[in-house]
Amino acid sequence: MTKYRSARDFHKEEEIIIDLFLEEVRARRMSTDTGWKAPWLLSDIHDTSWKLRTGLAAAVDARHRGEQVNWDDRLPNGTTLSDDCNTLYRHLLQKTAFLLRENSSLTVRSVNTHLIHISNLKTITQFVFRFPDKFAPETSYLSNVDNRNFRELLEQYSKGSLFLAGGYAERFLESIDPHKLIFQSVSNADANADVNRLPHEYVGTLIGLLRERGFYRATGAFGCNAFLEHISRKKLAALLNCDVSVFHSQRAIAFFRQFEPDYIEKFGDLCVRIAPLYRDFPSHRTKMRDEILTSKAAEFSVAHLTSTIEAVSLLKSRLGDVVPNISAQQFQSAGRFFSTKSQPMGNTPWMPIDVAMAYLNESIKWVLVYGPILVDIYIRGLEFFDSAGTQALGTDLGRRTREDWFACNLPPDLAPLNISGWGPSAGDAEELGTQRHFGVSNAMHVLLGACLHVIAGLAPSRVTEIAFLAKDCVSFVQGDGYWLEKMRGKAVQDDEYDSHRIPIPRILSKAIKLLKDIGEKTKSFAHDYDNSLNQYLLYLPDFFSVDRLGFSKKNVSHINYALNKFCDFVGLPTDEHGRRWYVRVHENRKSFLLTLIWSFKYAALDTARWLAGHSNEGFIISYMLRAFPNIAISELEANHLAKSLWNFSISPKEKPDILNVDDLYGRVCKHFNVREISEIEPEQLQDWLELCIVSGDYFVELVEINSNARKHRVAVRVRFKSK
């Protein structure tokens, strides 16, 4: 009988899990007396507003550049968390939020993760205060909430997030029609009446009631949704005693769109949001109404809510009997069940190749051709305005001064841009969101968007990584080219991020130099320059300000605004629903990585992992599986399995890339009737593995492993078809 290496009694997968548990035990630091103070909390624990320190904040001063948490939420019973009757509940809620970061079963490595769990605590709060007689939260906190109650919350949440879980649609209809005549009429006519698809005659009646009560407002003067009437979300929040953020969700937009005829007339079933868009068309991310109403909550958000509830229930040793008394096993089962009923993790879209190339080509043209000239005219303009002593450039005289100067100094090389003058300033508010007057100030925003697109398109990054690039982030090594140093967006420990250095093409270094020149050569004209922010590449002028040049460190909103302006200038055609592709940083990141792998297959896998700043290849394979759920990537998977098998044969005690690699090793050796995998030809091994994957005999799945020891791994496991 031929011998082969069989699976050992003690599997590698079990060893890894035990190692993680041991690391967790060693890393756990359960303080018996925190004093309710921590380096990340800059406020007293019972302040109604928390200031949270973040490693991304340049400094902590009177203006506070960290994150804030408001503990004065409006509640369904008509009170607020700051009211005296809710003091006990609020104090316990704040202690819970503190312990979820400091002393819980959760892995909270950054303020962003902490904010997710705080948001979940607020969701639970809205749920229990909706039924105050049942749960008595003012005096009992969460002790009266059991498995069945949380199961109800998870069920509603999985169907449509907080808006559906809180019953806000029904509460709105009952509040606007207190005698319930309309709502009862609809229910009587159809026992299965859908509040999201009310009959036209009832919608018309409700619109009349809303107008009588002054619920309608007009969207601001900017972008494609300018001056359209919509229901005031602030009035809704006051009506239903809740936080206005509840009505910003897509599910809320889809429900209230029934009562917003201006938006229906212009956009049809597209659920365009009511805030000013600052762009010419709706984005490709804007969903159709039916698509929203038939979708579920995101799987990861249901999982997060489940983990928050479970973590709260384990705080009994610190908070006493006021925490939920739930059966962990039953609750975990319910959490897994409703996660499967929710929406799979959302996919960042892979930009169509023609769209990606059109934007990349145009952005390179701006960096190489228009950028240097435009920056020069912008700086010379500021120098002229400063030397001329025109302190009131926002006045009619000031406008004429700047336009006359520009007419005499317009470089002919900028003629293709059709720049019509210096452009709108901060005093010309009605023109800021339009293309009617495309001046230097508009062009500078387009240039910023073009530079950001080059950076994001050629150096796969997260938006926060770009927002916090340093001015000296680029270095040149003779014979080795240009290198970019940036933070690793998810390599975080206590809000401190690791750095990451990757090679970049020369054009990217030129884009960064343009932005650096803008910041350095204009700071002498700033009226309030903050030297503590001087280190950041995106600490730049507010291009619409002239007479008092303002500076700000560009955040995610600024970055997206600049990308919108760039995309509108390029002017790609819209789709059949009137949507234009407005590119985002993470779309560029994903498109770069997927295009690289799609072009070079397995040979690019480790390169993609390194460029993306991931710790192992599992993350990249996860990208591929989520991007192409209906397309076989068997060659990539087979290559990864083969590599792991070879590594296992050389170093069987090393932590493998595949959890159950020993089982796979035994099966492969048995099939080829060999003792060691080295006896198999590499091409033969890979071809056979690929055949097994294509035929369904082997299935590659991704497994995420988290622990309190602040370890996060994405590993691969092979499932074998039972025979």
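Located above this text is the structure these notes cover.
A. Structural context of the overall build of the protein. When helices and strands are tallied, the protein shows 28 helices and 11 strands. Counting across all 723 residues of the protein, residues that qualify as buried make up 50%. Just so you have it, the protein exposes about 33000 Å², and 51% of that area is on carbon and sulfur atoms.

B. Quick peek at the packing of aromatic side chains. The final tally for this structure, using the stated rule, is 42 aromatic pairs. Seen in terms of ring centroids, Phe163 and Tyr168 are 6.1 Å apart; in terms of plane orientation they differ by 20 degrees. Their pairing is stacked. Residue Phe163 shares its accessibility class with Tyr168, and that shared class is buried. Site record: aromatic cluster; members linked through ring pairs are Phe163, Tyr168, Phe172, Phe247, Phe255, Phe256 and Phe259. When the ring centre of Phe215 is taken as origin, the NZ or CZ atom of Lys235, which lies over that ring, is 5.1 Å away.

C. How the structure looks around the environment of Leu106. Assignment of secondary structure puts Leu106 in the loop between helix H2 (87–102) and helix H3 (111–130). For Leu106, a relative accessible area of 12% gives the class buried. On a C-alpha basis, the gap between Leu106 and His117 in space is 9.5 Å, while along the polypeptide they are 11 residues apart.

D. Broad picture of helix H10 (residues 233–240). Those residues of H10 that sit buried are Arg233, Leu236, Ala237 and Leu240. All buried residues of H10 project into a common sector of 100 degrees when viewed along the axis, lining one side. Where H10 is buried, its residues touch helix H7 (168–176), strand E4 (229–231) and helix H11 (250–256). Capping of H10 at its N-terminal end is provided by Ser232; its side-chain oxygen lies 3.4 Å from the backbone amide nitrogen of Lys234. Positive phi appears at Asn241, one or two residues downstream of H10, with a value of about 55 degrees.

E. Looking closely at the pairing of strand E1 (residues 49–52). Because side chains alternate across E1, one face comprises the buried residues Trp50 and Leu52, and the other comprises Ser49 and Lys51, none of which is buried. Relative to strand E2 (residues 67–70), E1 runs antiparallel, the two being bridged by 4 bridges. Across the sheet, Leu52 pairs through a bridge with Glu67, a residue of E2.

F. Structural detail: the packing of H7 against H10. One can describe the packing of H7 onto H10 by two numbers: an axis separation of 10 Å at closest approach and a directional angle of 85 degrees. Relative to H10, H7 is oriented roughly perpendicular. The residues of H10 that touch H7, namely those facing Tyr168, Arg171, Phe172 and Ser175, are Leu236, Leu239 and Leu240. Broken down by class, the residue content of the contact of H7 with H10 amounts to 5 nonpolar, 1 polar and 1 charged.

G. Spatial organisation of the packing of H2 against H3. H3 packs onto H2 with a crossing angle of 150 degrees between their chain directions and a minimal axis gap of 10 Å. Of the possible angle classes, the one that applies to H2 and H3 is roughly antiparallel. The element H2 and its partner H3 pack so that their crossing is right-handed. In this structure, H2 uses Tyr89, Leu93, Thr96, Ala97, Leu100 and Arg101 to contact H3, whose residues at the interface are Val111, His114, His117, Ile118, Leu121, Thr125, Val128 and Phe129. Partitioned by chemical class, the residues of the contact of H2 with H3 number 9 nonpolar, 4 polar and 1 charged.

H. Fine view of the pattern of salt bridges. Under the criterion given, the structure shown has 19 salt bridges. When the shortest N-O distance is used, the salt bridge between Glu465 and Arg462 registers 2.9 Å. Arg462 sits in the buried class, given a relative accessible area of 9%. Each of Asp194, Arg197 and Asp290 takes part in one network of salt bridges that share partners.

I. Representation of helix H27 (residues 661–672) within the structure. Taking 1.5 Å per residue as the helical rise, H27 with its 12 residues ought to reach 16 Å, and the 17 Å between its terminal C-alpha atoms agrees with that figure. Val661, Asp662, Leu664, Tyr665, Gly666, Val668, Cys669 and Phe672 are the residues of H27 that are buried. Looking one or two residues past H27, Asn673 carries a phi angle of roughly 60 degrees, positive in sign.

Rules of the game
All residue numbers refer to positions counted from 1 along the written sequence of the respective chain. Per-residue local features of the predicted model are confined to residues with pLDDT of at least 70, and side-chain atom pairs are confined, for both listing and counting, to 80 or more; whole-chain, interface and lining totals are unaffected and use all residues. For side-chain calculations, the full set of non-hydrogen atoms in the structure is used, while hydrogens and water are omitted. In DSSP terms, a helix is any run of H or I states spanning at least four residues, a strand is any run of E spanning at least two, and both are numbered starting from the N terminus. Relative accessibility under 20% of the residue-type maximum defines a buried residue, over 50% an exposed one, and the middle range a partly exposed one, all with a 1.4 Å probe and only protein chains included. Here the open area of atoms and residues is found with the Shrake-Rupley method and a 1.4 Å probe, where only the protein chains shown may cover a residue. For this analysis, a ring pair means two rings from Phe, Tyr or Trp (six-membered ring only for Trp) whose centres lie within 6.5 Å, classed as stacked if their planes differ by under 30 degrees, edge-to-face if by over 60, and tilted for the remaining angles. Only lysine NZ and arginine CZ atoms are considered, and such an atom sits over a ring when it is within 6 Å of the ring centre and within 35 degrees of the ring normal. Our arc is simply the arc of the directions from the helix axis toward the C-beta atoms. The criterion used for residue contact is that any of the two residues' heavy atoms lie within 4.5 Å. Polar contact is the term for a pair of N or O atoms within 3.5 Å; when the atoms are in protein, one must be able to donate a hydrogen and the other to accept it, and sequence-neighboring residues count only if both atoms are side-chain atoms. In short, DSSP must find at least two bridges between two strands for them to pair. Where helices are involved, their axes are fitted lines through C-alpha atoms of the stretch in contact, as for all axes, and angles between N-to-C directions lie from 0 to 180°. Roughly parallel here means an angle under 35 degrees, roughly antiparallel means over 145, roughly perpendicular means 65 to 115, and every remaining angle is called oblique. Here the term charged refers only to Asp, Glu, Lys and Arg, the term nonpolar to Ala, Val, Leu, Ile, Met, Phe, Trp, Tyr, Cys and Pro, and the term polar to all other amino acids, Gly among them. By convention, the crossing between two helices is left-handed when the near helix turns anticlockwise from the far helix through less than a right angle, and right-handed when the turn is clockwise. Whenever a carboxyl oxygen of Asp or Glu lies within 4 Å of a side-chain nitrogen of Lys or Arg, that contact is scored as a salt bridge. To estimate the expected span of a helix, subtract one from its residue number and multiply by 1.5 Å.

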